[in-house]
Amino acid sequence: MFLHSVNLWNLAFYALMVFMATLGLWDVFFGFEENKCSMSYMFEYPEYQESRLEMGRTCTKAESREDGQQRQDCEDNIFSVKKIELPKKLAKRYPAYELYLYGEGSYAEEHKSLPLTGIPVLFLPGNAGSYKQVRSIGSIALRKAEDIDFKYHFDFFSVNFNEELVALYGGSLQKQTKFVHECIKTILKLYKGQEFAPKSVAIIGHSMGGLVARALLTLKNFKQDLINLLITQATPHVAPVMPLDRFITDFYMTVNSYWILNARHINLTTLSVAGGFRDYQVRSGLTFLPKLSHHTSALSVVSSAVPKTWVSTDHLSIVWCKQLQLTTIRAFFDLIDADTKQITQNPKKKLSVLNHHFIRHPAKHFEENPAIISDLTGTSMWVPVKVSKWTYVAYNESDKIYFTFPLANHRKIYTHVYCQSTMLDTNSWIFGCINSTSMCRQGVDLSWKAELLPTIKSLTLRLQDYPSLSHLVVYVPSIHGSKFVVDCEFFKKETRSIQLPVTHLFSFGLSSRKVILNTSGLFYNIELLNFGQIYQAFKINVVSKCSGVKEEITSIYKLHIPWSYEDSLTIAQVPSSTEISLKLHIAQPENDSHVALLKMYTSSDCQYEVTVKTSFSQILGQVVRFHGGALPAYVISSILLAYGGQLYSLFSTGHCLEYATMLDKEAKPYKVDPFVIMIKFLLGPSELPKDIKMISPDLPFLTIVLIIVSWTTCGAFAILLTYLYYVFKIVHLQASLTSFKNSQTVNPKHSRRSEKKSNHHKDSAVHHLRLSVSDAEDSLRMHSTVINLLTWIVLLSMPSLIYWLKNLRYYFKLNPDPCKPLAFILIPTMAILGNTYTVSIKSSKLLKTTSQFPLPLAVGVIAFGCQERTGSSFGVFFKCKDLHFYSAYLK
């Protein structure tokens with residue numbers, strides 16, 4: 001039926017749209033790097049201390065590798081669990097929630113008898129998350145504590161939210177927030193009477209758990225000092241992924257508004273870690289915390305940019321990715337105050353530690369006040385180096401060596417110096433001497449300005465920034481049994497900075513731009529001009545050709561985005577051909593003039609060719625990633641436009657045309673989008689009045705029953721029953737129409753005899769038959785369109801229904817219920833429409849006026865029911881009860 005109603009050109013257009021959508025979806029769900037996270041393992045049996053025995057799975061590390069991934073062997077084991085006892089009133093108020101203390105083996109046995117003596121950390125799971133997800137970070141923290149003989153140790157608590165679907169149903173977010181507040185107070189009481197009793201807790205929140213943690217500050221009686229640190233993992237801070245009910249949007253508005261208005265007064269150090277492009281559930285742009293003042297203590301970073309992690313994680317692996325959890329635990333131990341044996345209260349130190357571990361690691365252990373001047377004494381060799389390019393291979397060195405580079409002559413020719421070392425220890429290795437001739441007793445420790453990369457540590461200095469330095473000193477320690485290489489070179493900036501404009505968006509990958517690095521340098525900056533929008537996507541191909549190279553050489557290609565911490569690294573064994581994806585999580589701010597860079601750490605024995613071209617499939621992926629959430633609103637808008645066209649055709653021709661025909665004719669974006677743009681421009685950050693709930697007293701008994709069901713149970717359940725009732729009416733109408741047609745079918749011979757005998761009744765009977773069948777078919781077409789519309793409403797209300805069914809054992813009535821107001825409006829409306837036929841509509845004087853209503857409704861759905869997906873704005877949210885607009889910009 002659809003194919004007969006659509007012309008060939010439109011069919012070709014639809015096929016093209018489906019093909020492009022498929023390409024975009026493929027890029028979102030499959031167009032990313034393989035999972036390079038190592039599995040974190042327990043060294044002893046896990047214990048989530050509670051009063052009952054449970055079956056758990058204990059995993060041990062297996063050395064074999066399968067499909068490039070480490071495999072783990074698991075076996076069932078019995079482990080005892082004893083939950084933290086909550087006050088009876090609290091347990092009664094929150095019957096579905098629980099609080100646990102994590103432990104393994106002997107540690108768990110020792111801490112079964114409370115009180116505790118460590119540093120409390122509270123883990124909050126996210127949407128449908130389990131309290132057992134604390135295992136990975138809890139186990140790694142325990143190993144770290146054992147390494148220092150339990151001088152310090154952390155006690156990891158975890159909240160059981162009953163795996164609630166809070167990303168889909170927001171009615172329990174406020175309840176979770178209040179429960180977490182009570183948990184914090186309960187946890188601190190467990191340390192009462194201890195010598196170093198904590199006064200606050202650190203919180204790690206995964207997904208929506210991170211938002212719940214931020215919401216604590218909005219509670220009236222909450223003291224901000226109860227939290228000393230907040231780390232969120234893959235938390236959508238900016239806007240909900242799918243704003244399916246008004247409680248989610250209200251919760252987001254409350255939290256983000258509070259943090260915006262009170263930015264100067266919030267002293268809570270917060271770190272948000274995103275998963276990168278592997279996380280297709282929560283795109284990384286939604287995880288970046290707002291930077292609203294110079295006093296903010298918030299950091300946001302993508303896991304691919306985190307030093308010693310350098311991998312993208314999916315939404316679940318971010319909680320067990322070994323590389324990331326190790327980095328987190330190192331930061332936790334560096335945050336400890338030696339005097340209080342708790343996490344420091346110094347906000348400057350907290351930011352310094354987080355910057356050290358999550359932003360830029362200098363390949364040295366963290367020091368709060370590092371020594372700037374270092375002694376360079378002892379029995380050592382001093383070797384002057386006067387060349388501009390130098391390489392030293394160290395192997396089994398018996399003596400310490402200081403290589404000195406006089407800077408006076410180099411300043412006249414070069415602007416920068418670059419050094420790198422493959423020895424990845426944490427000792428100082430490069431210094432600057434002041435007013436020295438050939439050697440110095442003390443030097444400025446420049447190692448703190450170095451940057452750790454996967455295979456090297458590197459340092460680039462602009463010579464004019466250090467006018468007082470007379471010499472650069474590279475230190476090579478005495479080593480036995482190991483080999484490493486140290487390189488240094490002086491260069492002019494213009495010889496290592498090369499501009500490469502990206503190709504046009506609509507070149508579709510048919511054209512490309514190329515640069516060739518002919519010089520034998522160790523480091524290059526490729527400036528990617530005209531690249532800064534989220535809808536841009538490119539493929540960069542780096543081809544390396546090496547001459548006379550016998551050993552395997554490693555090159556590092558780092559994509560550096562200066563306006564956000566979303567860098568990514570690619571390690572290549574040269575010679576090789578390496579493909580790099582180039583796309584953004586955050587668009588370049590309007591007032592930012594920085595240029596994205598491809599930093600290339602290369603080999604002097606190789607030549608490199610860099611080519612960039614547009615990736616059309618990744619552009620489509622970006623469209624889906626940033627705007628895919630608008631699909632339901634646009635579908636509903638199209639159905640409304642088609643329904644309006646059917647009503648108008650009923651008025652103008654007396655017949656209701658096919659749904660596919662009207663969809664093809666009426667569902668045009670240009671009918672909706674201009675009005676949407678004007679409405680958004682005129683309204684700004686405002687809120688529309690809420691719908692007036694009106695219930696007609698003339699509704700039939702079934703309508704009253706369904707409204708009672710909605711009031712006493714769940715609005716989404718009543719909507720589903722209404723939908724099933726409507727489907728039954730349509731199926732009954734279809735069956736009646738088919739039966740009527742069959743009853744009118746007669747034998748051709750009998751028909752001819754009847755025609756001769758009843759000729760004077762022929763015209764009126766046939767005419768009556770044609771009108772009856774036509775009216776039934778028109779009604780069926782109209783109702784089919786309403787069913788399409790109602791189907792989307794049912795689908796969008798399903799999260800509330802699922803949540804209600806999951807929690808029936810705790811309460812029979814869903815409260816709060818985002819779909820209850822909608823049900824009160826929808827039930828009588830559907831009852832009326834379900835008993836309406838086109839024969840009665842055609843005689844209505846309001847038909848022509850009514851046929852114009854779907855257009856403004858379609859505009860409203862897109863304007864207020866479509867979440868903004870662009871990189872730096874809060875969303876525009878759709879609610880079940882009302883149409884709600886909210887917009888605030890991140891600066």
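The structure under discussion appears in the preceding block.
About the cut-offs
Residues numbered from 1 in each chain as written. Predicted model: local features only at pLDDT ≥ 70, side-chain atom pairs only at ≥ 80, totals over all residues. Heavy atoms only, no water. Buried < 20%, exposed > 50% of the residue type's maximum accessible area, 1.4 Å probe, protein only. Helix = DSSP H or I, 4+ residues; strand = E, 2+ residues; numbered from the N terminus. Pairing = 2+ DSSP bridges. Disulfide = S-S within 2.5 Å. Contact = heavy atoms within 4.5 Å. Axes fitted to C-alpha atoms, helices over the stretch in contact; angles between N-to-C directions.

Caption draft 1: Fine view of the pairing of strand 23 (residues 483-491). By the criterion of burial, strand 23 is predominantly enclosed, with seven of the nine residues buried. Strand direction decides the pairing type here: strand 15 (residues 389-395) and strand 23, joined by seven bridges, are antiparallel. Each residue of the ladder has a partner; that of Thr391, found in strand 23, is Asp487. Looking at chain direction, strand 17 (residues 416-421) and strand 23 are connected through six bridges and run antiparallel. The partner of Cys419 across the bridge, within strand 23, is Cys488.

Caption draft 2: Broad picture of the state of the cysteines. Using the criterion set out here, one finds four disulfides in the structure. Residue pairing for Cys419: its cysteine sulfur links by disulfide to Cys488, the two sulfurs lying 2.0 Å apart. An S-S torsion of about 115° defines the bridge between Cys419 and Cys488 as right-handed. Separated by 69 residues along the polypeptide, Cys419 in strand 17 and Cys488 in strand 23 bring together distant segments of the chain. Considered together, Cys419 and Cys488 belong to a single accessibility category, that of buried residues. Linked covalently through their sulfurs, Cys546 and Cys606 form a disulfide whose S-S length is 1.9 Å.

Caption draft 3: Spotlight on the sheet that holds strand 21 (residues 457-462). Spatially, 15-23-17-21-20 is the arrangement adopted by the five strands of the open sheet, whose pairing is antiparallel. Since the sheet does not close on itself, it has two edges, and those belong to strand 15 and strand 20 (451-452), each with one partner. Where strand 17 and strand 21 come together, six bridges link them in antiparallel fashion. By the bridge assignment, Gln420 is partnered in strand 21 with Ser458.

Caption draft 4: Representation of the environment of Ile580 within the structure. You can see Ile580 is positioned in strand 30 (residues 576-583). Considered as a pair, Ile580 and Ile540 are 40 residues apart in the sequence and their alpha carbons are 5.0 Å apart. Sequence-distant contacts of Ile580, defined by excluding residues within four places in its chain, comprise Phe538, Lys539, Ile540, Val542, Tyr557, Thr570 and Leu598.

Caption draft 5: Main features of helix 7 (residues 208-215). Of all eight residues in helix 7, eight are buried, a share of seventy percent or more. Of all the positions in helix 7, only Met208, Gly209, Gly210, Leu211, Val212, Ala213, Arg214 and Ala215 are classed as buried. Where helix 7 is buried, its residues meet strand 5 (119-124), helix 6 (173-189), strand 7 (201-206), strand 8 (227-233) and helix 8 (246-261).

Caption draft 6: Here's a closer look at the sheet that holds strand 26 (residues 523-529). Here we have five strands laid out as an open sheet, ordered 24-26-31-28-29, and mixed in their pairing. Of all the strands in the sheet, the pair left with one neighbour each is strand 24 (497-501) and strand 29 (568-574). Along the sheet, successive strands turn relative to each other by an average axial angle of 20°, direction set aside. As defined by bridge partners, strand 28 (residues 553-560) adjoins strand 29 across seven bridges and the pair is classed as antiparallel. Within strand 29, the position partnered with Leu559 by the bridge is Ser568.

Caption draft 7: Seen up close, the pairing of strand 26. Extensive coverage of strand 26 is indicated by the burial of seven of its seven residues. With burial as the criterion, each face of strand 26 is covered, one bearing Phe523, Asn525, Glu527 and Leu529 and the other bearing Tyr524, Ile526 and Leu528. Bridge count between strand 24 and strand 26: five bridges; the pairing is parallel. Residue Ile498 lies in a different strand from strand 26, and its bridge partner there is Ile526.

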